[in-house]
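One-letter residues, chain by chain:
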Amino acid sequence: MSIHQATAVQGRQDYNGEYLDALGMVERLHRLLLDVIKDEFERLGLLDINAVQALLLFNIGDHEVTAGELKSRGYYQGSNVSYNLKKLVEAEYMHHQRCQIDRRAVRVRLTAKGRDIRRIVGELFARHAGGLEARAILDRATLDGLNRSLKTLERYWSDQIRYIY
């Protein structure tokens, strides 16, 4: 093997290692985000809702959606979203109503109690954004670059699912 070929192989191995590091970081960050939300709720004495459910409420926001729409947007897996929506309806964080057109589908929207949870999560995120900016941990340009890179990765993964070659 020539020096050029060996360097190319080493470069691919280095890239693969960096990619695996990035995958691990995405996974750890998601779990850490859930822990941050859980800790905030424990501090506030909100023990009847978990972090996944709170994030679901935050992502639904002011929209009226079906479980299928949440799944198709890529936020949640089918069984997880159905289970959590059921629990949120039971705990009165969400209203549910059968669709007029497709009676099999159920549309959900936040109740006042659900909007309170959304507000709490939004305030938590705003506090974190303020802290990151105030301490110069992530400047706007770095955050913009990070978001562009993550969107590029999201598109690549979506293409892998849709267009298996």
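Before going into details, it helps to say that this report is about the structure given with it. This one's a predicted model, so the numbers in the text were calculated from it and none came from an experiment. (Residues numbered from 1 in each chain as written. Predicted model: local features only at pLDDT ≥ 70, side-chain atom pairs only at ≥ 80, totals over all residues. Heavy atoms only, no water.)

### Let's talk about the pattern of salt bridges
- Taken as a whole and judged by the stated rule, the model has 13 salt bridges.
- Among the salt bridges present, the one from E90 reaches K87, with a minimum N-O distance of 3.8 Å. Highlighted residues: E90 and K87, both in helix α4 (residues 78-90), separated by 3 residues, approximately one helical turn.
- The exposure class of K87 is partly exposed, given its relative accessible area of 31%.
- With its nearest N and O atoms 3.3 Å apart, the salt bridge here joins R148 to D144. Of the two residues, R148 and D144 both sit in helix α6 (residues 140-162), 4 residues apart, roughly one turn of that helix.
- Looking at D144, the relative accessible area reads 41%, which means it is partly exposed. (Salt bridge = Lys/Arg side-chain N within 4 Å of Asp/Glu carboxyl O. Helix = DSSP H or I, 4+ residues; strand = E, 2+ residues; numbered from the N terminus. Buried < 20%, exposed > 50% of the residue type's maximum accessible area, 1.4 Å probe, protein only.)

### Observations regarding unusual backbone geometry
- Unlike most non-glycine residues, E92 shows phi in positive territory, near 65 degrees.
- Position of E92 among the secondary structure elements: in the loop between α4 and β2 (94-98).
- Residue A136 is not a glycine yet carries a positive backbone phi of 55 degrees.
- Position of A136 among the secondary structure elements: in the loop between α5 (112-134) and α6.

### With respect to the packing of helix α2 (residues 51-60) against α5
- Orientation of α2 relative to α5, taken along the N-to-C sense of each, is 95 degrees, at an axis distance of 8 Å. With respect to their mutual orientation, α2 and α5 come out roughly perpendicular. Listed contacts from α5 to A54, L55, L57 and F58 of α2 are G114, I117, R118, V121, G122 and F125.
- Tallied by class, the residues present in the contact of α2 with α5 amount to 7 nonpolar, 2 polar and 1 charged. (Axes fitted to C-alpha atoms, helices over the stretch in contact; angles between N-to-C directions. Parallel < 35°, antiparallel > 145°, perpendicular 65-115°, else oblique. Contact = heavy atoms within 4.5 Å. Nonpolar A, V, L, I, M, F, W, Y, C, P; charged D, E, K, R; others polar.)

### Brief notes about the sheet that holds β2
- Strand order in the open sheet formed by 3 strands is β1-β3-β2, and the pairing between neighbours is antiparallel. The open sheet has two free edges, formed respectively by β1 (65-66) and β2, since each of these has just one partner strand. (Pairing = 2+ DSSP bridges.)

### Some remarks on the layout of surface pockets
- The space that makes up the second largest pocket amounts to roughly 290 Å³.
- For the second largest pocket, the full set of lining residues is Y15, E18, Y19, A22, L23, V26, L146, S149, L150, T152, L153 and Y156.
- If you list the elements that add at least two residues to the lining of the second largest pocket, you get α1 (3-44) and α6.
- When the residues that make up the lining of the second largest pocket are grouped by side-chain class, the tally is 9 nonpolar, 2 polar and 1 charged. (1 Å grid on protein atoms, 1.4 Å probe; cavity = no way out; pocket = protein on both sides within 12 Å on 5 of 7 lines; lining within 4 Å. Points joined across faces, edges and corners; volume = space filled by probe spheres on them.)

### Points about α5
- With 23 residues, α5 ought to run about 33 Å at 1.5 Å a step, and its terminal C-alpha atoms sit 32 Å apart, in line with that.
- Among the residues of α5, those classed as buried are G114, I117, I120, V121, L124 and G131.
- Phi for A136, located one or two positions after α5, is positive at around 55 degrees. (Expected span 1.5 Å × (residues − 1).)

### Points about the pairing of strand β3 (residues 106-110)
- Bridge count between β1 and β3: 2 bridges; the pairing is antiparallel. Opposite T66, over in β3, you have R107 as the bridge partner.
- As defined by bridge partners, β2 adjoins β3 across 5 bridges and the pair is classed as antiparallel. Bridging from a neighbouring strand, M94 pairs with L110 of β3.

This is a description of form; function is not addressed.
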